[in-house]
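Structural overview
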Amino acid sequence: MAAMETTEAPQVIEHQHQSLNFTPYETKWVPCSARFVCCGISPKAKGVLQIYELKGGKMEVVAEKTHDCGLKCGTFGASSLGERSLATGDYKGGLHVFDLERLDAPTFSVPGAHKAIINGIDGVGGLGIGGGAPELVTGSRDGCVRVWDPRVREPVVSLEPVEGQPVRDCWCAAFGNSVGDERVVAAGYDNGDVKLFDLRTNAMRWETNASNGVTCVEFDRKDIEMNKLVVTTLESRFRVFDLRTQHADDGFAHCTEKAHKATVWLARHLPQNRDVFMTGGGNGGFNLYAYHYPKKRTATHKDNAPVGVPGTVELLNSRVISTQPIVSFDWSPDKEGLAVLSCLDQTLRVYICTKLDRY
């Protein structure tokens, strides 16, 4: 592929930079606002939840909440856009939903949602034809992946480790294929396993192994027929799976890319364009990619069944901004190119990416 002209490439510009007195693990934009949340763990092992607002070119803390233990992950996905409810997973396996307008106490809480730390959380609700339940999915060190309806205190679905087999640490989980009654959950594990559960049929739809621990799984869109899935791993690699065509033996086609010369901690798709995504690395850098589809997305397998054809990825920009890993990143759903991220050097940063409308 031809190298991109420097003048044509997207520019990545730092807008704000702030040091923190705690270790951040999650940053999320509050939908339909100039606010974002940052949560993590303090030196005294307490949870910290801060709400920031961009005012006059600066970011200011407008509210703060201390939790009894560290907060590892959070999502707004189960809320309608009119609500300000953040779902969080903590170090003791607790699931809590906070109304950002009144942080004094959670509006929904299951302290023992898991037996160990909740590593990943995702939400979906009101998406697709006919809407849907405001569901949450959590993945934990206890090896369980659980789906929750915040109106009841027991999990709607609980995917448990197979009895007699080693318990694998679930590092990440995400919803996809949220169209009508359809819904799937992708989960990634410390041994490289990637599993796709069909919630409508309550069955395993597909599984594979990515060779290294899976740090992040993300669909390019939750509310469409599943299209692509990015899987990031240890050992500097990520894979992009084409989910439109599944072969009985070969599964889904994918392309593999090396990046960051360190663990690829996350991948986040641009809300305004599902074919552009950012990866965050253990080297303190981020890479901006564009996915290119092949001329034909399906081919005929030797058994005459259709099989997928993988596309390619193009690196649009790459930048190292820290000596410590980038552990959270979130695009603004409202303003294209605006992003918030945090690093393990205890910094919080707001960036602007330009020229993304060209892809």
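Residues numbered from 1 in each chain as written. Predicted model: local features only at pLDDT ≥ 70, side-chain atom pairs only at ≥ 80, totals over all residues. Heavy atoms only, no water.

1. Remarks on the overall build of the protein chain
What the protein chain contains, in helices and strands, is zero helices and 30 strands. Taking 359 residues into account, the globule formula puts the C-alpha radius of gyration at 21 Å, and the protein chain, at 20 Å, falls close to it. Projected onto its principal axes, the C-alpha positions of the protein chain cover 60 × 55 × 40 Å. When the 359 residues of the protein chain are sorted by exposure, 57% land in the buried category. Put simply, 49% of the contacts in the protein chain that link residues at least 6 apart link residues at least 24 apart. Surface exposure of the protein chain reaches about 15300 Å², of which carbon and sulfur atoms provide 47%. (Helix = DSSP H or I, 4+ residues; strand = E, 2+ residues; numbered from the N terminus. Rg over C-alpha atoms; globule rule 2.2 N^0.38 Å. Buried < 20%, exposed > 50% of the residue type's maximum accessible area, 1.4 Å probe, protein only. Contact = heavy atoms within 4.5 Å. Areas by Shrake-Rupley, 256 points an atom, 1.4 Å probe, with all protein chains shown as cover.)

2. Points about the environment of Phe-329
Assignment of secondary structure puts Phe-329 in strand β28 (residues 326-331). Placed 180 residues apart in sequence, Phe-329 and Asp-149 show a C-alpha to C-alpha distance of 26 Å. With residues near it in sequence (within four places) discarded, Phe-329 still touches Thr-27, Leu-266, Arg-268, Met-278, Ala-339, Val-340 and Leu-341.

3. Let's talk about the UniProt feature "repeat: WD" (unreviewed entry) in the protein chain
Following the UniProt record, one finds the feature "repeat: WD" (unreviewed entry) at residues 136-158. Taken as a whole, residues 136-158 contains 0% helix and 48% strand, while its terminal C-alpha atoms sit 12 Å from one another. (UniProt positions renumbered as here; feature names shortened; annotations may be inferred.)

4. A closer look at the environment of Lys-44
Within the secondary structure layout, Lys-44 lies in the loop between β3 (35-41) and β4 (47-55). Look at Lys-44 and you get exposed, because its relative accessible area is 74%. Along the primary structure Lys-44 and Cys-69 are separated by 25 residues, whereas in three dimensions their C-alpha atoms are 9.0 Å apart.

5. Some points on the packing of aromatic side chains
Where two aromatic rings form a pair, the distance of their centres and the angle of their planes describe that pair. Per the stated rule, a full pass over the model turns up 11 aromatic pairs. Ring geometry for Trp-206 and Phe-241: centres 5.2 Å apart, planes at 70 degrees, overall edge-to-face. On the criterion of sequence distance, the pair formed by Trp-206 in strand β17 (residues 203-209) and Phe-241 in strand β20 (residues 237-242) is long-range, its members being 35 residues apart. Put simply, the rings of Trp-29, Phe-36 and Tyr-52 pair up and form one aromatic cluster. (Phe/Tyr/Trp six-rings, centres within 6.5 Å; stacked < 30°, edge-to-face > 60°.)

6. Here's the deal with the nonpolar core
Counting residues in hydrophobic clusters, the biggest one holds 20 residues, and the most contacted among them are Phe-286, Trp-331 and Leu-341. Only β22 (264-270), β23 (273-281), β24 (285-292), β28, β29 (338-343) and β30 (347-353) provide two or more residues apiece to this core. Discounting residues that sit within four places of it in the chain, Leu-341 has contacts with Thr-27, Phe-286, Ile-321, Ile-326, Ser-328, Phe-329, Thr-347, Leu-348, Arg-349 and Tyr-351. One finds Ala-186, Trp-206, Val-214 and Phe-219 within the second-largest nonpolar core, a separate group that totals 17 residues. (Core = buried A, V, L, I, M, F, W, Y, C linked by side-chain atoms within 4.5 Å.)

7. Some points on the pattern of salt bridges
With the rule as written, the count across this model stands at 16 salt bridges. For Asp-190, the salt bridge identified is with Arg-168, shortest N-O distance 3.1 Å. Placement of the pair is Asp-190 in the loop between β15 (184-189) and β16 (193-198) and Arg-168 in the loop between β13 (157-159) and β14 (170-176), with a sequence separation of 22 residues. The exposure class of Arg-168 is partly exposed, given its relative accessible area of 32%. Glu-218 is the salt-bridge partner of Arg-268, the closest N and O atoms lying 3.8 Å from each other. Of the two residues, Arg-268 is situated in strand β22 and Glu-218 in strand β18 (residues 214-219); the sequence distance between them amounts to 50 residues. The same class applies to Arg-268 and to Glu-218, which are both buried. (Salt bridge = Lys/Arg side-chain N within 4 Å of Asp/Glu carboxyl O.)

8. As for the environment of Gly-311
Assignment of secondary structure puts Gly-311 in the loop between β26 (306-308) and β27 (312-320). Along the sequence, Gly-311 and Gly-188 sit 123 residues apart, while their C-alpha atoms lie 22 Å from each other. Those residues within four positions of Gly-311 in sequence are excluded, and the remaining contacts are Cys-255, Tyr-291, His-292 and Pro-294.

9. Focus: the pairing of strand β8 (residues 95-99)
Most of β8 is tucked away: five of the five residues are buried. The side-chain alternation of β8 yields two buried faces, one formed by Leu-95, Val-97 and Asp-99 and the other by His-96 and Phe-98. Both strand β7 (residues 85-90) and β8 contribute to a ladder of five bridges, which runs antiparallel. Of the residues in β8, the one forming a bridge with Ala-87 is Val-97. Between β7 and β8, which pair antiparallel and follow one another directly, the connecting turn spans four residues, one of which, Gly-93, has a positive phi of 85 degrees. Examined bridge by bridge, β8 and strand β9 (residues 108-110) share three bridges and lie antiparallel to one another. Counted as the bridge partner of Val-97 is Phe-108 from β9. (Pairing = 2+ DSSP bridges.)

10. Remarks on the sheet that holds strand β12 (residues 145-148)
Reading across from one edge, β10-β11-β12-β13 is the order of the four strands in this open sheet, with antiparallel pairing throughout. Edge positions in the sheet fall to β10 (118-124) and β13, since each of these pairs with one other strand and no more. Neighbour to neighbour, the strand axes of the sheet diverge by 15 degrees on average, direction disregarded. As paired strands, β12 and β13 are joined by three bridges and run antiparallel to one another. Note on β13: the bridge partner recorded for Arg-146 is Ser-158. (Axes fitted to C-alpha atoms, helices over the stretch in contact; angles between N-to-C directions.)

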